[in-house]
Amino acid sequence: MIVLDGKATSAQIRLEIAEAVKALYSAGKKTPHLCAFLIGNNGASETYVAGKVKACEEVGFRSTLKRFPETISQQELVEEIEKINQDPEIDGLIVQMPLPKHIDELTVTLAIDAKKDVDGFHPTSVGRMALNLPTFLPATPAGVIELLKRYHIPTSGKHCVVIGRSHIVGSPMSILMARNSEPGNCTVTITHSRTTNLKELCLQADIIVAALGKPEFLTADMVKDGAVIIDVGITRVPASDTKSGFRLKGDVKYDEVAPKCSAITPVPGGVGPMTITMLMLNTLKAVELFGK
Ligand code: NAP
């Protein structure tokens with residue numbers, strides 16, 4: 001059984017990005033510049049954005065963090081996005097989710113110039129992804145694809161079951177696994193909360209991507225011998241024996257599933273570390289595709 005080490009893989013990719021930044025500089029091109037919008041005082045969002053800013057420093061990007069109060073109106077936020085859209089200094093813009101209730105996520109996503117949509121959530125990016133055209137891929141599914149690629153996990157002709165159909169993970173994951181590319185070329189079954197025969201489907205799967213957000217949901221009796229298991233789930237569960245008072249749990253019951261499978265991602269240290277790194281890769285891609 002191989003443990004797909006997202007931490008080590010992510011560190012290696014960041015070194016490669018740092019080299020690419022030096023090469024851009026030597027060629028007289030601009031340094032990639034990521035701008036992050038943070039609205040309100042959500043603790044988890046603060047942590048995620050801090051991780052993104054730190055990653056920018058690590059790979060040699062410029063970064064700008066713009067904070068806005070919880071009370072900002074949707075119109076004001078859209079105007080701030082438009083300013084960034086017009087700013088030639090900035091290559092990528094991310095608006096950290098979740099947004100305050102009075103702001104519509106889709107309106108915000110649509111306001112971002114697709115050429116700066118390094119989260120890959122804009123309909124233009126999603127459409128181009130589906131058509132297998134060069135574009136920004138959503139970071140978490142792209143991180144899964146990169147892990148499969150770097151560990152040379154065969155995917156062509158395999159049956160992949162994706163559990164979850166969210167716009168940021170399950171749905172794009174199913175598109176990427178089914179695309180005519182490597183990794184890809186899977187026969188994909190996408191499942192969700194209304195699926196009635198999930199166990200039966202999982203037992204037929206060569207590859208399972210669990211992205212439903214239910215800790216330790218996927219158990220050994222749902223997995224066939226030799227399957228590849230990708231655990232996207234991250235849930236904080238209370239733990240009195242840790243300093244923080246919680247522990248991160250994936251969607252897979254790791255201890256009982258791992259001995260049955262041929263490869264598996266741990267939580268933490270699997271898909272999680274890949275996500276921010278793929279955002280960095282998208283920002284580099286923004287300069288390569290659209291930079292002057
Ligand atoms: P989400 O928006 O809540 O979507 C969950 C999906 O799972 C939905 O499609 C839901 O079905 C489906 N689902 C729920 N219960 C199910 C069940 N019993 N059987 C089958 N499907 C079920 O969650 P998300 O944003 O995709 O995130 C999923 C997990 O990944 C979370 O733990 C999240 O923290 C984690 N995550 C990790 C990263 C990372 O960097 N590693 C990034 C993003 C998310 P319906 O559509 O029918 O409701």
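> I keep staring at the site of the ligand and nothing clicks. Help me out?
If you check the shell around the ligand, you find 22 residues, and the closest are Arg165, Ser166, Ser193, Ile234 and Thr275. Taking Ser166, its side chain carries an N or O atom lying 2.5 Å from an oxygen atom of the ligand. Ser193 places a polar side-chain atom, nitrogen or oxygen, 2.5 Å from an oxygen atom of the ligand. Against a free-state accessible area of 920 Å², the protein chains account for coverage of 70% of the ligand. Among the elements that line the shell around the ligand, the one with the most residues is helix α10 (residues 271–290), at three residues. Within the shell around the ligand, the residues separate by chemical class into 10 nonpolar, 10 polar and two charged.

> Explain the sheet that holds strand β3 (residues 62–68) to me, please; I cannot follow it from the model alone.
Sheet strands pair via backbone hydrogen bonds, and the direction of the pair is either parallel or antiparallel. One open sheet accounts for three strands, arranged β3-β2-β4; its pairing is parallel. Only two strands of the sheet have a single partner each, and these edge strands are β3 and β4 (92–95). Strand-to-strand twist of the sheet, defined as the mean angle between neighbouring strand axes without regard to direction, takes the value 15°. Pairing of strand β2 (residues 33–39) with β4 involves four bridges; the strand directions are parallel. Bridge assignment links Phe37 to a residue of β4, and that residue is Val95.

> Can you walk me through the nonpolar core in this structure?
Soluble globular proteins: nonpolar side chains tend toward being buried together. In terms of nonpolar packing, the biggest core is built from 47 residues, with Ile17, Phe61, Met177, Val209, Ile230, Val232 and Met280 touching the most fellow members. Excluding residues that lie within four positions of it along the chain, Met280 makes contacts with Ile17, Leu34, Lys52, Ala55, Cys56, Val59 and Phe61. Residues Val161, Ala210, Leu218 and Ile264 belong to the second largest nonpolar core, which totals 18 residues.

> Can you walk me through unusual backbone geometry in this structure?
Negative phi characterises most residues that are not glycine, and trans characterises most peptide bonds. Of the consecutive residues Met97 and Pro98, the connecting peptide bond is found in the cis state with omega at 0°. The residue after Val267, namely Pro268, is reached through a cis peptide bond having omega 0°. For Pro268, the position within the fold is in the loop between β11 (263–264) and α10. With a phi close to 65°, Asn132 is a non-glycine residue in the positive phi region. One can find Asn132 in the loop between α5 (123–130) and α6 (139–150). Not every positive phi belongs to a glycine, and Asn185 is a case in point at roughly 55°.

> I would appreciate a short explanation of the domain arrangement of the protein in the present structure.
Bring the parts together and some accessible area is lost; that lost area is often taken as the interface size. Here the protein is described as being made up of domain 1 (28–120) and domain 2 (139–272). Between the C-alpha centres of domain 1 and domain 2 the distance comes to 28 Å.

> Quick question: what am I supposed to make of the state of the cysteines here?
Simply put, disulfide is the name for a covalent bond between the sulfur atoms of two cysteines. On inspection of all chains with the given rule, the structure shows zero disulfides. With no disulfide of its own, Cys35 lies 10 Å from the sulfur of Cys56, the closest cysteine sulfur. Among the residues examined, Cys35 registers a relative accessible area of 0% and is labelled buried.

> Help me understand the packing of aromatic side chains, please; the structure alone is not making it clear to me.
Geometrically, a pair of aromatic rings is defined through the distance of the ring centres and the angle of the planes. Summed over all chains, the structure comprises two aromatic pairs. Considering the side-chain rings of Phe136 and Phe290, the 6.2 Å spacing of their centres and the 55° angle between planes classify their relative orientation as tilted. Taken together, the positions of Phe136 in the loop between α5 and α6 and Phe290 in helix α10 put the pair 154 residues apart, joining distant regions of the chain. Judged by its relative accessible area of 2%, Phe136 falls in the buried class.

> Would you take a moment to explain the sheet that holds strand β7 (residues 207–210) for this structure?
What the six strands build is an open sheet, ordered β1-β11-β8-β7-β5-β6; its pairing is parallel. Looking at strand neighbours, the two that pair on one side only are β1 (2–3) and β6 (187–191), the edges of this open sheet. Across four bridges, the pairing between strand β5 (residues 159–163) and β7 is parallel. If you follow Cys160 over to β7, its bridge partner there is Ile207. Across the face of the sheet, helix α7 (residues 170–178) comes into contact with β5, β6 and β7 while running at roughly 170° to β6.

> Looking at this structure, I do not really get the environment of Gly245. What am I missing?
Residue position: Gly245 is located in the loop between β9 (235–238) and β10 (246–249). Since its relative accessible area comes to 34%, Gly245 is described here as partly exposed. Apart from residues lying up to four places away in sequence, Gly245 is in contact with Val237, Pro238 and Ala239.

Criteria and thresholds
- Residues numbered from 1 in each chain as written.
- Predicted model: local features only at pLDDT ≥ 70, side-chain atom pairs only at ≥ 80, totals over all residues.
- Heavy atoms only, no water.
- Near = heavy atom within 4 Å.
- Polar contact = N/O pair within 3.5 Å; in protein donor to acceptor, adjacent residues only side chain to side chain.
- Areas by Shrake-Rupley, 256 points an atom, 1.4 Å probe, with all protein chains shown as cover.
- Helix = DSSP H or I, 4+ residues; strand = E, 2+ residues; numbered from the N terminus.
- Nonpolar A, V, L, I, M, F, W, Y, C, P; charged D, E, K, R; others polar.
- Pairing = 2+ DSSP bridges.
- Axes fitted to C-alpha atoms, helices over the stretch in contact; angles between N-to-C directions.
- Core = buried A, V, L, I, M, F, W, Y, C linked by side-chain atoms within 4.5 Å.
- Buried < 20%, exposed > 50% of the residue type's maximum accessible area, 1.4 Å probe, protein only.
- Contact = heavy atoms within 4.5 Å.
- Domains from an automatic or database assignment.
- Disulfide = S-S within 2.5 Å.
- Phe/Tyr/Trp six-rings, centres within 6.5 Å; stacked < 30°, edge-to-face > 60°.

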